[in-house]
Amino acid sequence: MKQDQPYDVIISGAGPVGLFLACELALSKCRVLILEKAESPRSPFKQLPFGVRGLSAPSIEALYRRGLLEELEIHKRLKNPHVNSVQQGPRRQVGHFAGIPFLEGNIDTSQWKHRLESSTETNLISEMEEIETILTRRSVALGVEIKRGLPLDSFYQTNDGVTVQSGDQTFQSPWLVGCDGARSVVRKLGGFEFAGTEPEFTGYSTKVDIADPEKLSPGRNLTERGMYLQSQPGFIVIQDFDGGAFHSSEKQITLEHVQEVLRRISNTDVTISALHFATTWTDRARQATSYSNGRILLAGDAAHIHSPLGGQGLNLGLGDAMNLGWKLAATIHKKAPEGLLDSYYKERHPIGAQVLDWSRAQVMIMKPNPQARALNSIIRDLMETRDAATYMAARVWGIFTHYDLGDVHPLVGYSVPNFEFEDGRRIGEFMQDGQGILLDFDTKTSLKTLANEYGDQVKYVSGRAKEQLGLSAVLIRPDGIIAWASDNEPDEQSIRQAASLWFTQFIS
Ligand SMILES: Cc1cc2nc3c(=O)[nH]c(=O)nc-3n(C[C@H](O)[C@H](O)[C@H](O)COP(=O)(O)OP(=O)(O)OC[C@H]3O[C@@H](n4cnc5c(N)ncnc54)[C@H](O)[C@@H]3O)c2cc1C
C-alpha cells in the first residue's frame, strides 16, 4: 500500500451493502471512500410499501451486534405483510414459500437448539430507505467519505492498487469493492464470470389508480396465467411468465402495457386510470464464480442476483459485508493470517448458491402450468405439518446459516448464541467494537493471558451465563461466528490452533 494514498478502500455503490461494509471497515480504522452514482439517496422504490424489506436472523444479529438495531423504528409501527391480520394465534401467517404461507403455531422452535431466549428476533420488517439512512449516518460518523452523483466509470489495477475513474476525476486506493448492485460495473469490467440461469418471468412493481378496484382481489393471487399481489390499494406487483422478455426489451412501461398485463394475469377487465410509477425485475439467477480478482472484490447484488421471492437479497448482501469487512481490514493492517481474505469467498459463495436455489425452487412451483400447480398443491399440504413449517421458517429466517469450519464442535461455524450473563448483559453487547472475543465461562486467568497474545484483535470476556449450553469457553470471530468451542476444560493449544486461522499472534 502506498502511504500517500488517502483511502484504504474505495467502494462503488452506497446501497445497503456498500454502506454496511464501509461501517465495518471504518470500525476497524480503515479510511473508506464510497462513490455513488445516484445524486439523491431517496427513491419511491426504497420507501414503503415497495421498499419493504424482510430482515432475517443473521442480519438482525449483525445490526444488533454493532448497536444499530435499536435505531430501526419503522418495524415498531408496521404490520408484517406476511402476517394475516384476520388469523390470530397459532394460525397466524408469519412467512411464505412461493406465496404458500407457514403458520406460527406450526413452527417448533425447540428444534433450534442453539437459539436462546435472549436471542434477537428471527425476522423483522424494515424499509430500505430507513436501513440506508441509519447506515449512512453511522458510516459518516465513523469517518467514511461518501461522494454522491459520482459513478464509477472505469478502473484499472496494478500490483499496488486500483485507479478509479469517475467522470473527469481520478481516485486511487489499494482495494476496490464493487457494491454497485445487480448491473455492477465493477463486476462487468473486472473480468468476473457471472454464471447462472435465465429468467422465467418479468416482475412489475407499480403504483396505479384503478377505476374499478372491486375487480381485483386483495393479497397474493396465483392465477392460471401468473401472479398478482395487491399489498395496499393501488400498489400492485405482477409476475408475468414471459421468459423475462419485457424486462430485457428495456421498453418504456406505459399505462396501457401495465393494464394489458394485469388484465391478462388477473383474468379481469380491470381499468387503470393512472400510472404513478412502475419498475420491472426478473428471476434471473446468477452468481459470480469468484468474489475477488486481485485487488478487486464483489459483495451484495454485484456478486449474486436472483428474484426477490422470499426476500433474501439484502440479507445475503449484509452477510457478505459482515464477513468481508473485518477480513479486509485485517489484511490492510497486515494482521491477517494467510488465506483469511480467501475465506470470504469460500464461506459466502455456498450461502449465496443456496439462496439462488431457494428462489429458483419457488419460481418453479409458481409457474402457470398443470405440473407446477400439482407440485404447489403438495407443498401446500406439507406446509400444514410441523416439520415442514419449521424447516421453511428456519430456511427463510436464516436460522441454520453456518460456515463449514470443520467438525471440531457442533457449534463451530454457527452464529454465537446470545448468552446472557448473570448481571443481565448479553454477549452481543460486547461486539460493538468489532473485535474477536475469547469468552470464558469459568474465569481462568490463563485464558485472559492467551487472549492478550492477539493484541486488540481478541478481547477477553468472562462470567457465568444464565444458559451456557454446557460450554466452558468459546472463541468468537469479529462477525459473531464461533471459531472454537469446548464443553470441557479448555485446551489452550487447541484455542491457539483455531485462532491462528483468523488472528495474528503478536506475543507467544
Ligand atoms: C421488489 C423487491 C423486493 C425485495 N425484497 C427484499 C426483502 O424483503 N429482503 C431482502 O433481503 N431483499 C429484498 N430485495 C433485494 C434487495 O433489495 C437487494 O438484494 C439489495 O438492495 C442489494 O443491496 P446492494 O447494496 O448490493 O445493491 P443496491 O441496493 O442495488 O445498491 C447498489 C448501489 O450502487 C449504485 N451504483 C450502481 N452503479 C454504480 C456505479 N457505476 N458507480 C457507483 N455507484 C453505482 C446504485 O445507485 C445503488 O445505490 C428485494 C428486491 C426487490 C427488487
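If you check an unreviewed UniProt entry, the chain appears there as FAD-dependent oxidoreductase from Leptospira selangorensis. Per its UniProt entry, the chain bears the Cofactor (unreviewed entry) comment "FAD".

To continue, consider the overall build of the chain. Secondary structure assignment for the chain yields 13 helices and 25 strands. Taken against the 2.2 N^0.38 rule, which gives 23 Å for 508 residues, the C-alpha radius of gyration of the chain at 24 Å falls within 12% of a compact globule. Taking all 508 residues of the chain together, 55% fall into the buried category. Considering only residue pairs separated by 6 or more positions, the chain has 71% of its internal contacts joining residues 24 or more positions apart. Carbon and sulfur atoms form 50% of the exposed surface of the chain, whose accessible area is close to 21,900 Å².

So, on to the site of the ligand. Not every one of the 26 residues close to the ligand is listed here, only the nearest: Glu36, Gly54, Leu152, Asp301 and Leu314. Contact distances for the ligand include 3.1 Å between an oxygen atom and a backbone N or O atom of Val17. At a separation of 3.1 Å, a nitrogen atom of the ligand approaches a polar backbone atom of Lys37. Taken by itself the ligand offers 1,000 Å² of open surface, and the protein chains cover 81% of this. If you list the elements that add at least two residues to the shell around the ligand, you get helix H1 (16-27), strand S2 (32-36), strand S3 (52-56) and helix H8 (313-332). Of the residues belonging to the shell around the ligand, the class tally is 11 nonpolar, 10 polar and five charged.

Here the second largest pocket is characterised by a volume of approximately 830 Å³. Along the walls of the second largest pocket sit 45 residues, with Pro58, Gly398, Phe400, Thr401 and His402 positioned nearest its centre. Listed by contribution, the elements that provide at least two residues to the lining of the second largest pocket are helix H2 (57-65), H8, helix H9 (342-364) and helix H11 (386-396). For the lining of the second largest pocket, the per-class residue count stands at 21 nonpolar, 15 polar and nine charged. The residue makeup of the lining of the second largest pocket includes at least three contributed by each of domain 1 (9-194 + 286-396) and domain 3 (403-508).

Turning to its location among the elements, Glu347 is positioned in helix H9. When its relative accessible area of 7% is taken as the criterion, Glu347 is described as buried. In this structure the side chain of Glu347 is engaged in a polar contact, spanning 2.9 Å, whose partner is the side chain of Lys327. A polar contact of 2.8 Å, which involves the side chain of Glu347, links it to the side chain of Arg477.

With that settled, consider the sheet that holds strand S17 (residues 272-282). Sheet architecture is open: five strands sit in the order S14-S15-S16-S13-S17, paired in antiparallel fashion. Looking at strand neighbours, the two that pair on one side only are strand S14 (219-223) and S17, the edges of this open sheet. Going from strand to strand, the sheet's axes swing by 20° on average, the running direction of each strand aside. Examined bridge by bridge, strand S13 (residues 202-210) and strand S16 (residues 235-240) share six bridges and lie antiparallel to one another. Directly across from Thr202, in S16, lies its bridge partner Asp240. Along the sheet, helix H7 (residues 255-266) contacts S13, S14, strand S15 (226-232), S16 and S17; its crossing angle with S16, the most-contacted strand, is approximately 70°.

Rules used throughout
- Residues numbered from 1 in each chain as written.
- Predicted model: local features only at pLDDT ≥ 70, side-chain atom pairs only at ≥ 80, totals over all residues.
- Heavy atoms only, no water.
- UniProt positions renumbered as here; feature names shortened; annotations may be inferred.
- Helix = DSSP H or I, 4+ residues; strand = E, 2+ residues; numbered from the N terminus.
- Rg over C-alpha atoms; globule rule 2.2 N^0.38 Å.
- Buried < 20%, exposed > 50% of the residue type's maximum accessible area, 1.4 Å probe, protein only.
- Contact = heavy atoms within 4.5 Å.
- Areas by Shrake-Rupley, 256 points an atom, 1.4 Å probe, with all protein chains shown as cover.
- Near = heavy atom within 4 Å.
- Polar contact = N/O pair within 3.5 Å; in protein donor to acceptor, adjacent residues only side chain to side chain.
- Nonpolar A, V, L, I, M, F, W, Y, C, P; charged D, E, K, R; others polar.
- 1 Å grid on protein atoms, 1.4 Å probe; cavity = no way out; pocket = protein on both sides within 12 Å on 5 of 7 lines; lining within 4 Å.
- Points joined across faces, edges and corners; volume = space filled by probe spheres on them.
- Domains from an automatic or database assignment.
- Pairing = 2+ DSSP bridges.
- Axes fitted to C-alpha atoms, helices over the stretch in contact; angles between N-to-C directions.

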